[in-house]
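What follows is the residue order along each chain.
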Amino acid sequence: MDRHGIGMTSQRTRERLIQRLMEQGITDYSVLETIRSTPRHLFVDEALAHRAYEDTALPIGWNQTISQPYIVARMTELAIAEGKPEKVLEIGSGSGYQTAVLSPLVGEIYAIERIKGLFDRSRQRVRNLRLRNVQLRHADGLGGWADKGPFDVILCAAAPEHVPDILMQQLTPNGRLIMPVGGRQQELVVVTHSSEGPEVLSIEPVKFVPMLAGTER
Ligand code: SAH
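Predicted model, so just to flag it, every value in this text is computed and none were measured.

## Things to note about the overall build of the protein chain
- Each helix and strand counted, the protein chain has 6 helices and 11 strands in total.
- On C-alpha atoms alone, the protein chain measures out to a radius of gyration of 17 Å, which is about the 17 Å that the 2.2 N^0.38 rule sets for 217 residues.
- Counting only C-alpha atoms, the protein chain reaches 60 × 40 × 35 Å along its principal axes.
- Relative to its 217 residues, the protein chain shows a buried fraction of 52%.
- By sequence separation, contacts in the protein chain at least 24 residues apart represent 53% of the contacts at least 6 residues apart.
- About 10900 Å² of surface is accessible on the protein chain, with carbon and sulfur atoms providing 49% of the total.
- Computing the positive centroid from 25 side-chain charges and the negative centroid from 26, the protein chain places the two 8 Å apart.

## Digging into the side chain of R40
- Along the polypeptide, R40 turns up in the loop between α2 (29-37) and β1 (58-61).
- No salt bridge is formed by the buried R40. Its closest oppositely charged neighbour is D55, at 6.6 Å.
- Only 2.7 Å separates the side chain of R40 from the backbone oxygen of A52, close enough to count as a polar contact.
- With near-sequence residues (within four places) excluded, R40 lies in contact with R51, A52, Y53, E54, T56, A57, L58, I66, S67, Q68, P69 and Y97.

## As for the pairing of β1
- The pairing of β1 with strand β2 (residues 64-66) spans 3 bridges and is classified as antiparallel. Paired with L58 across the bridge in β2 is I66.
- Hairpin connection from β1 to β2: 2 residues lie between these consecutive antiparallel strands, with W62 at a positive phi of about 50°.

## Quick word on the sheet that holds strand β8 (residues 171-182)
- Across the sheet, which stays open at both edges, the 7 strands sit in the order β5-β4-β3-β6-β8-β9-β10 with mixed pairing between neighbours. Single-partner strands in this sheet number two, and they are β5 (134-138) and β10 (197-206). Ignoring strand direction, the axes of neighbouring strands in this sheet form an average angle of 15°.
- Relative to strand β4 (residues 108-113), strand β3 (residues 87-91) runs parallel, the two being bridged by 5 bridges. Each residue of the ladder has a partner; that of I91, found in β4, is I112.

Each value, and the rule that gives it
- Residues numbered from 1 in each chain as written.
- Predicted model: local features only at pLDDT ≥ 70, side-chain atom pairs only at ≥ 80, totals over all residues.
- Heavy atoms only, no water.
- Helix = DSSP H or I, 4+ residues; strand = E, 2+ residues; numbered from the N terminus.
- Rg over C-alpha atoms; globule rule 2.2 N^0.38 Å.
- Buried < 20%, exposed > 50% of the residue type's maximum accessible area, 1.4 Å probe, protein only.
- Contact = heavy atoms within 4.5 Å.
- Areas by Shrake-Rupley, 256 points an atom, 1.4 Å probe, with all protein chains shown as cover.
- Lys, Arg positive; Asp, Glu negative; His and termini not counted.
- Charge placed at Lys NZ, Arg CZ, Asp CG, Glu CD.
- Salt bridge = Lys/Arg side-chain N within 4 Å of Asp/Glu carboxyl O.
- Polar contact = N/O pair within 3.5 Å; in protein donor to acceptor, adjacent residues only side chain to side chain.
- Pairing = 2+ DSSP bridges.
- Axes fitted to C-alpha atoms, helices over the stretch in contact; angles between N-to-C directions.

Structural measurements only, silent on function.
As C-alpha coordinates, then:
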(Lines give C-alpha, C1' and ligand atoms only; values in the text may rest on other atoms or scores of the structure.)
Protein backbone atom coordinates (compact mmCIF):
# COMPACT_ATOMS: atom_id res chain seq x y z
CA MET A 1 0.00 0.00 0.00
CA ASP A 2 1.42 3.41 -0.91
CA ARG A 3 1.12 6.25 1.57
CA HIS A 4 -1.78 7.79 -0.37
CA GLY A 5 -3.83 4.69 0.45
CA ILE A 6 -7.36 4.43 -0.86
CA GLY A 7 -7.20 7.82 -2.55
CA MET A 8 -4.68 6.71 -5.14
CA THR A 9 -6.16 3.27 -5.54
CA SER A 10 -9.62 4.61 -6.10
CA GLN A 11 -8.48 7.13 -8.70
CA ARG A 12 -7.16 4.34 -10.91
CA THR A 13 -9.99 1.95 -10.24
CA ARG A 14 -12.57 4.70 -10.82
CA GLU A 15 -11.15 5.25 -14.30
CA ARG A 16 -11.32 1.54 -14.97
CA LEU A 17 -14.96 1.53 -13.87
CA ILE A 18 -15.82 4.38 -16.26
CA GLN A 19 -14.10 2.46 -19.07
CA ARG A 20 -16.17 -0.59 -18.27
CA LEU A 21 -19.43 1.37 -18.21
CA MET A 22 -18.60 2.83 -21.63
CA GLU A 23 -17.87 -0.64 -22.99
CA GLN A 24 -21.27 -1.76 -21.74
CA GLY A 25 -23.00 0.98 -23.68
CA ILE A 26 -23.34 3.88 -21.24
CA THR A 27 -22.89 6.90 -23.49
CA ASP A 28 -24.30 9.90 -21.61
CA TYR A 29 -21.30 12.01 -20.70
CA SER A 30 -22.96 13.70 -17.72
CA VAL A 31 -23.80 10.30 -16.23
CA LEU A 32 -20.26 8.98 -16.70
CA GLU A 33 -18.87 12.18 -15.21
CA THR A 34 -21.15 11.98 -12.18
CA ILE A 35 -20.27 8.34 -11.54
CA ARG A 36 -16.60 9.25 -11.81
CA SER A 37 -16.95 11.96 -9.16
CA THR A 38 -19.25 10.11 -6.74
CA PRO A 39 -17.27 8.48 -3.90
CA ARG A 40 -18.88 5.02 -3.88
CA HIS A 41 -16.46 3.85 -1.20
CA LEU A 42 -18.33 6.09 1.27
CA PHE A 43 -21.54 4.14 0.65
CA VAL A 44 -20.22 0.74 1.80
CA ASP A 45 -18.61 -0.52 5.02
CA GLU A 46 -14.94 0.28 5.40
CA ALA A 47 -14.11 -3.41 5.11
CA LEU A 48 -15.53 -3.40 1.55
CA ALA A 49 -14.22 0.01 0.50
CA HIS A 50 -11.39 -1.54 -1.53
CA ARG A 51 -14.03 -3.18 -3.76
CA ALA A 52 -16.23 -0.10 -4.12
CA TYR A 53 -15.19 0.64 -7.73
CA GLU A 54 -15.78 -2.86 -9.02
CA ASP A 55 -18.83 -3.07 -11.23
CA THR A 56 -20.73 -5.29 -8.79
CA ALA A 57 -23.46 -5.05 -6.19
CA LEU A 58 -22.04 -5.30 -2.63
CA PRO A 59 -23.71 -6.11 0.71
CA ILE A 60 -24.80 -3.11 2.82
CA GLY A 61 -26.38 -5.05 5.71
CA TRP A 62 -30.01 -5.92 6.45
CA ASN A 63 -29.82 -8.43 3.58
CA GLN A 64 -29.67 -5.62 1.01
CA THR A 65 -27.07 -4.55 -1.56
CA ILE A 66 -25.76 -1.33 -3.02
CA SER A 67 -26.72 -1.46 -6.70
CA GLN A 68 -24.18 -2.35 -9.38
CA PRO A 69 -22.70 0.83 -10.93
CA TYR A 70 -23.76 -0.32 -14.41
CA ILE A 71 -27.42 -0.47 -13.39
CA VAL A 72 -27.21 2.86 -11.55
CA ALA A 73 -25.70 4.38 -14.69
CA ARG A 74 -28.35 2.81 -16.94
CA MET A 75 -31.26 3.95 -14.74
CA THR A 76 -29.79 7.44 -14.44
CA GLU A 77 -29.44 7.64 -18.22
CA LEU A 78 -33.08 6.64 -18.57
CA ALA A 79 -34.10 9.18 -15.91
CA ILE A 80 -32.59 12.11 -17.82
CA ALA A 81 -33.25 10.80 -21.34
CA GLU A 82 -36.10 13.29 -21.97
CA GLY A 83 -34.33 16.27 -20.41
CA LYS A 84 -33.73 17.27 -16.81
CA PRO A 85 -36.56 16.02 -14.57
CA GLU A 86 -37.59 18.67 -12.02
CA LYS A 87 -39.05 16.25 -9.50
CA VAL A 88 -37.90 12.70 -8.93
CA LEU A 89 -39.24 10.09 -6.52
CA GLU A 90 -36.75 7.35 -5.67
CA ILE A 91 -38.04 4.21 -3.96
CA GLY A 92 -35.56 1.93 -2.18
CA SER A 93 -32.73 4.41 -1.72
CA GLY A 94 -30.72 1.91 0.36
CA SER A 95 -27.18 3.19 0.83
CA GLY A 96 -28.04 6.45 -0.93
CA TYR A 97 -25.60 5.84 -3.80
CA GLN A 98 -28.16 6.13 -6.61
CA THR A 99 -29.53 9.21 -4.84
CA ALA A 100 -26.07 10.81 -4.84
CA VAL A 101 -25.55 10.03 -8.54
CA LEU A 102 -28.93 11.53 -9.45
CA SER A 103 -28.52 14.61 -7.26
CA PRO A 104 -26.49 16.88 -9.59
CA LEU A 105 -28.53 15.85 -12.65
CA VAL A 106 -32.10 16.54 -11.54
CA GLY A 107 -34.19 19.18 -9.71
CA GLU A 108 -35.57 17.82 -6.45
CA ILE A 109 -35.23 14.23 -5.20
CA TYR A 110 -37.66 12.63 -2.77
CA ALA A 111 -36.18 9.32 -1.65
CA ILE A 112 -37.89 6.59 0.39
CA GLU A 113 -36.31 3.64 2.21
CA ARG A 114 -38.24 1.08 4.28
CA ILE A 115 -35.34 -0.11 6.52
CA LYS A 116 -34.62 2.35 9.32
CA GLY A 117 -30.95 1.36 9.71
CA LEU A 118 -30.23 2.01 6.03
CA PHE A 119 -32.31 5.18 6.08
CA ASP A 120 -30.29 6.57 9.06
CA ARG A 121 -26.96 5.88 7.40
CA SER A 122 -27.99 7.26 4.03
CA ARG A 123 -29.32 10.41 5.72
CA GLN A 124 -25.91 10.96 7.30
CA ARG A 125 -24.20 10.51 3.92
CA VAL A 126 -26.60 12.93 2.23
CA ARG A 127 -25.71 15.48 4.93
CA ASN A 128 -21.96 14.87 4.73
CA LEU A 129 -22.00 15.21 0.95
CA ARG A 130 -24.24 18.29 1.21
CA LEU A 131 -26.80 17.02 -1.27
CA ARG A 132 -29.21 19.89 -0.71
CA ASN A 133 -31.85 18.84 -3.22
CA VAL A 134 -32.55 15.53 -1.47
CA GLN A 135 -35.33 14.76 1.03
CA LEU A 136 -35.29 11.30 2.59
CA ARG A 137 -38.12 9.50 4.25
CA HIS A 138 -38.37 6.26 6.23
CA ALA A 139 -41.56 4.69 4.88
CA ASP A 140 -43.05 2.03 2.63
CA GLY A 141 -42.48 3.33 -0.89
CA LEU A 142 -45.32 1.28 -2.32
CA GLY A 143 -47.63 4.15 -1.38
CA GLY A 144 -45.42 6.68 -3.19
CA TRP A 145 -45.23 10.19 -1.67
CA ALA A 146 -48.49 11.85 -2.70
CA ASP A 147 -47.91 15.18 -0.87
CA LYS A 148 -44.78 15.88 -2.89
CA GLY A 149 -46.02 14.65 -6.28
CA PRO A 150 -46.67 14.55 -9.11
CA PHE A 151 -43.22 13.41 -10.26
CA ASP A 152 -41.54 13.66 -13.66
CA VAL A 153 -39.65 10.47 -12.90
CA ILE A 154 -40.22 7.70 -10.37
CA LEU A 155 -37.29 5.34 -10.06
CA CYS A 156 -37.37 2.09 -8.03
CA ALA A 157 -34.47 -0.08 -6.92
CA ALA A 158 -36.60 -3.00 -5.74
CA ALA A 159 -38.88 -5.17 -7.85
CA PRO A 160 -42.62 -5.61 -7.36
CA GLU A 161 -44.40 -8.39 -9.27
CA HIS A 162 -46.44 -5.84 -11.24
CA VAL A 163 -46.35 -2.12 -11.95
CA PRO A 164 -48.04 -0.47 -8.92
CA ASP A 165 -51.07 1.60 -9.92
CA ILE A 166 -50.55 4.10 -7.08
CA LEU A 167 -47.15 5.04 -8.48
CA MET A 168 -48.62 5.58 -11.95
CA GLN A 169 -51.11 7.99 -10.37
CA GLN A 170 -48.26 10.07 -8.91
CA LEU A 171 -46.62 10.67 -12.30
CA THR A 172 -47.02 13.89 -14.28
CA PRO A 173 -48.84 13.38 -17.63
CA ASN A 174 -45.52 12.96 -19.43
CA GLY A 175 -43.86 11.30 -16.46
CA ARG A 176 -41.94 8.04 -16.55
CA LEU A 177 -41.74 5.19 -14.07
CA ILE A 178 -38.38 3.39 -14.28
CA MET A 179 -38.32 0.13 -12.38
CA PRO A 180 -37.62 -3.60 -12.31
CA VAL A 181 -40.73 -5.79 -12.37
CA GLY A 182 -41.21 -9.52 -11.93
CA GLY A 183 -40.31 -12.32 -9.57
CA ARG A 184 -37.55 -14.78 -10.45
CA GLN A 185 -37.43 -13.32 -13.94
CA GLN A 186 -37.22 -9.55 -13.82
CA GLU A 187 -37.20 -6.91 -16.49
CA LEU A 188 -36.16 -3.28 -16.22
CA VAL A 189 -39.05 -1.29 -17.71
CA VAL A 190 -40.03 2.29 -18.44
CA VAL A 191 -43.75 2.90 -17.99
CA THR A 192 -45.55 5.95 -19.39
CA HIS A 193 -49.15 7.11 -19.61
CA SER A 194 -50.87 6.65 -22.97
CA SER A 195 -54.48 7.17 -24.01
CA GLU A 196 -55.02 3.41 -23.65
CA GLY A 197 -53.52 3.15 -20.18
CA PRO A 198 -49.95 2.37 -19.08
CA GLU A 199 -47.46 1.74 -21.86
CA VAL A 200 -44.58 -0.53 -20.88
CA LEU A 201 -41.22 -0.44 -22.63
CA SER A 202 -38.81 -3.27 -21.79
CA ILE A 203 -35.16 -2.31 -21.42
CA GLU A 204 -33.26 -5.42 -20.29
CA PRO A 205 -33.33 -8.38 -17.90
CA VAL A 206 -32.18 -7.46 -14.38
CA LYS A 207 -31.84 -8.90 -10.86
CA PHE A 208 -33.05 -6.67 -8.02
CA VAL A 209 -34.14 -7.40 -4.46
CA PRO A 210 -37.93 -7.75 -4.14
CA MET A 211 -40.06 -4.74 -3.22
CA LEU A 212 -41.45 -5.50 0.24
CA ALA A 213 -44.45 -3.95 1.97
CA GLY A 214 -44.29 -2.19 5.36
CA THR A 215 -41.24 -0.82 7.20
CA GLU A 216 -38.46 -2.35 9.35
CA ARG A 217 -36.27 -1.07 12.17
N1 SAH B 1 -29.94 2.10 -5.08
C2 SAH B 1 -29.79 1.51 -3.76
C3 SAH B 1 -30.39 0.12 -3.80
C4 SAH B 1 -30.58 -0.54 -2.50
S5 SAH B 1 -31.30 -2.16 -2.67
C6 SAH B 1 -28.31 1.48 -3.43
O7 SAH B 1 -27.53 1.49 -4.38
O8 SAH B 1 -27.93 1.42 -2.28
C9 SAH B 1 -33.03 -1.76 -2.72
C10 SAH B 1 -33.61 -1.12 -1.51
O11 SAH B 1 -35.02 -1.08 -1.65
C12 SAH B 1 -33.33 -1.82 -0.19
O13 SAH B 1 -32.65 -0.95 0.65
C14 SAH B 1 -34.73 -2.16 0.34
O15 SAH B 1 -34.84 -2.03 1.74
C16 SAH B 1 -35.58 -1.12 -0.36
N17 SAH B 1 -37.01 -1.42 -0.47
C18 SAH B 1 -37.62 -2.59 -0.79
N19 SAH B 1 -38.96 -2.45 -0.77
C20 SAH B 1 -39.21 -1.15 -0.44
C21 SAH B 1 -40.40 -0.39 -0.23
N22 SAH B 1 -41.61 -0.92 -0.37
N23 SAH B 1 -40.27 0.93 0.12
C24 SAH B 1 -39.07 1.49 0.28
N25 SAH B 1 -37.90 0.83 0.11
C26 SAH B 1 -37.97 -0.49 -0.24
